[in-house]
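Coordinate analysis (summary)
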Amino acid sequence: MGEQALSGLKVIDLSRNIAGPYCTKMLADLGAEVIKIEQPGKGDPSRKEGPFPNDEPNLDASGLFGYLNNNKIGITLDLKSERGVEIIKNLVRDADVLVENFSPRVMPSLGLSYDVLKEINPNLVMTSISNFGQQGVYRDFKATELITQAMSGFAYQIGDESREPLRAGGALRMMEYISGAIASMSTLAAIAGRRNGNKGKHVDVSITECGVLQTPYRTVQNSFPSSPSIFTKRYVSLPSIEKCKDGYIGISILTGKQWQDFCYMTEMYDWVEDPRFMELFNRIEHRDDFRERVDKWLMEHTKEEIFKLGIEWRVPITAIPTFGEMLDFPQYKEREFFVSVNHPIMGEVVQPGAPYRLSETPWEIRKPAPLLGEDNAYFYGEILGFTEEELQLLDKEGVI
């Protein structure tokens, strides 16, 4: 493949876990040269998260790490050593971007603050991703996905209004992925700004504030005390995710017309004009009557049957697939969304591809995620010019 959209862009990736690596993954997939720097012997903490082949933990066979770090050059370096800091500063001299997602105090404590690095390279774009941002009384606080979802107001809008708020279920760390995507976009905005004669920038991304962006109409509505309180309540739809004969189906009925079409579809003709169900919140108030009748109909039909009826009657419906079923979805297959990656330890693995298409400069997986320290000899030797004796000494001293 020829040049990609970001070919020639050099990125130093000091990040770990999800938010930072997802940011740099998006850059790497479009052709940027991303140098992934990890702690010697331990690596990125995401290497300890599965899934693993045969459920056997292996730092070089993490499905999560593999997905987040394709296309990156992988080296190890101790940032707490004087030599490690010296090497980072040398790399910064001709880099375009440096991405990190440590606590705000860490980079200055290492002698690698933006003020220090911009003296070395005034054109450097440094992107810092943290739980609460680089300023504020919470800036040094630690946080988990539960905390960032709660602090952003996202959790407050989930769950039955008569019960406690909920975080998004399962192991999903959506705030990190959202903030990683926004960090990637804002990094490219800073790069674009350099083309207009501007110097580099320090990009400050708050994971919690990225979460607030998912609930804008609720926060804005609270600025208007005289407005109805509909948007301050938790959003509940009825029907929503429903059990049917062979699994689950998603049904979204928001308008009166959609309700009427749903009644015709299910042959509930006597409810077509029933005021108890025409409006969403009236439907919720009379949920017991609704459940008794609709649940019976759902359990008499399969996902495929209900989906086809939804298309016929123009009712917003989708099957709720398992992850295995998603791989065979005709929509994803036609767009070739899922891709196979040949990994030296995991073998052939299937991963999500890119949700966008660039006609002339497409994304590409050029190499699988690196094994821990896989590119040390190549990068330190051929790129930075270290001799074999120097590399052995750095290894012995625990620098790499």
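For the structure, check the block above.
Let me begin by describing the structure that accompanies this report. All values reported here derive from a predicted model rather than from experimental measurement. (Residues numbered from 1 in each chain as written. Predicted model: local features only at pLDDT ≥ 70, side-chain atom pairs only at ≥ 80, totals over all residues. Heavy atoms only, no water.)

Turning next to a nonpolar patch on the surface. There is a patch of nonpolar side chains on the surface, built from Val137, Tyr138, Phe141, Ile147 and Met151 and spanning about 490 Å² of accessible area. Within the element layout of this structure, Ile147 appears in helix H6 (residues 145–151). The partly exposed category is assigned to Ile147, whose relative accessible area is 34%. (Patch = residues over 30% accessible without salt bridge, like charges linked within 9 Å, V, L, I, M, F, W, Y side chains within 5 Å. Areas by Shrake-Rupley, 256 points an atom, 1.4 Å probe, with all protein chains shown as cover. Salt bridge = Lys/Arg side-chain N within 4 Å of Asp/Glu carboxyl O. Helix = DSSP H or I, 4+ residues; strand = E, 2+ residues; numbered from the N terminus. Buried < 20%, exposed > 50% of the residue type's maximum accessible area, 1.4 Å probe, protein only.)

Now for the side chain of Gln134. Mapped onto the secondary structure, Gln134 falls in the loop between strand S5 (125–130) and H6. On the accessibility criterion, Gln134 (13% relative accessible area) is buried. Non-local contacts of Gln134, meaning those with residues more than four positions away in its chain, are made with Pro104, Ser128, Arg139, His202 and Asp204. (Contact = heavy atoms within 4.5 Å.)

Within the structure shown, the criterion is met by 17 aromatic pairs. Aromatic side chains Tyr138 and Phe141 sit 4.9 Å apart centroid to centroid with 20° between the ring planes, which places their arrangement in the stacked category. Taking the centre distance of 5.0 Å and the plane angle of 70° together, the rings of Phe337 and Phe338 count as edge-to-face. You can call Phe337 buried: its relative accessible area is 18%. (Phe/Tyr/Trp six-rings, centres within 6.5 Å; stacked < 30°, edge-to-face > 60°.)

Turning next to helix H13 (residues 287–298). Look at H13: 15 Å from first C-alpha to last across twelve residues, which is about the 16 Å you get at 1.5 Å a residue. Listing the buried residues of H13 in full gives Phe290, Val294, Trp297 and Leu298. One side of H13 carries all its buried residues, which in axial view fall inside an arc of 90°. Exposed residues on H13 whose side chains face more than 90 degrees from its buried face are Asp288, Glu292 and Lys296. The inward-facing, buried residues of H13 contact strand S7 (241–244), strand S8 (247–251), helix H10 (256–266), helix H11 (275–278), helix H12 (280–285) and helix H14 (303–313). (Expected span 1.5 Å × (residues − 1). Arc of directions from axis to C-beta.)

So, on to the pairing of S8. Two faces make up the sheet, and in a regular strand the side chains alternate between them. Across the five residues that make up S8, a large majority, four, are buried. Note that S7 and S8 share four bridges and pair antiparallel. The residue bridging Ile241 from the neighbouring strand is Gly250, located in S8. The turn linking S7 back onto S8 is made up of two residues. (Pairing = 2+ DSSP bridges.)

The omega torsion across Gly50 and Pro51 is 5°, close enough to zero to call that bond cis. You can see Pro51 is positioned in the loop between strand S2 (33–38) and helix H2 (63–68). At Glu267, a position not held by glycine, the phi torsion is positive, near 60°. Here Glu267 falls in the exposed class, since its relative accessible area comes to 56%. Here the phi dihedral of Glu336 falls at roughly 55°; this positive angle occurs in a residue that is not glycine. With respect to the helices and strands, Glu336 occurs in the loop between helix H16 (330–334) and strand S10 (338–343). Judged by its relative accessible area of 63%, Glu336 falls in the exposed class.

A separate point is the nonpolar core. Among the nonpolar cores identified, the biggest contains 33 residues, and Val11, Ala32 and Ile129 are the most heavily contacted of them. The dominant element in this core, judged by the number of residues it contributes, is helix H7 (residues 174–194), at six residues. Not counting residues up to four positions away in its chain, the partners in contact with Ala32 are Leu6, Leu9, Val11, Leu27 and Arg366. Among the nonpolar cores identified, the runner-up in size contains 31 residues, and Val106, Met107, Leu110 and Phe379 belong to it. (Core = buried A, V, L, I, M, F, W, Y, C linked by side-chain atoms within 4.5 Å.)

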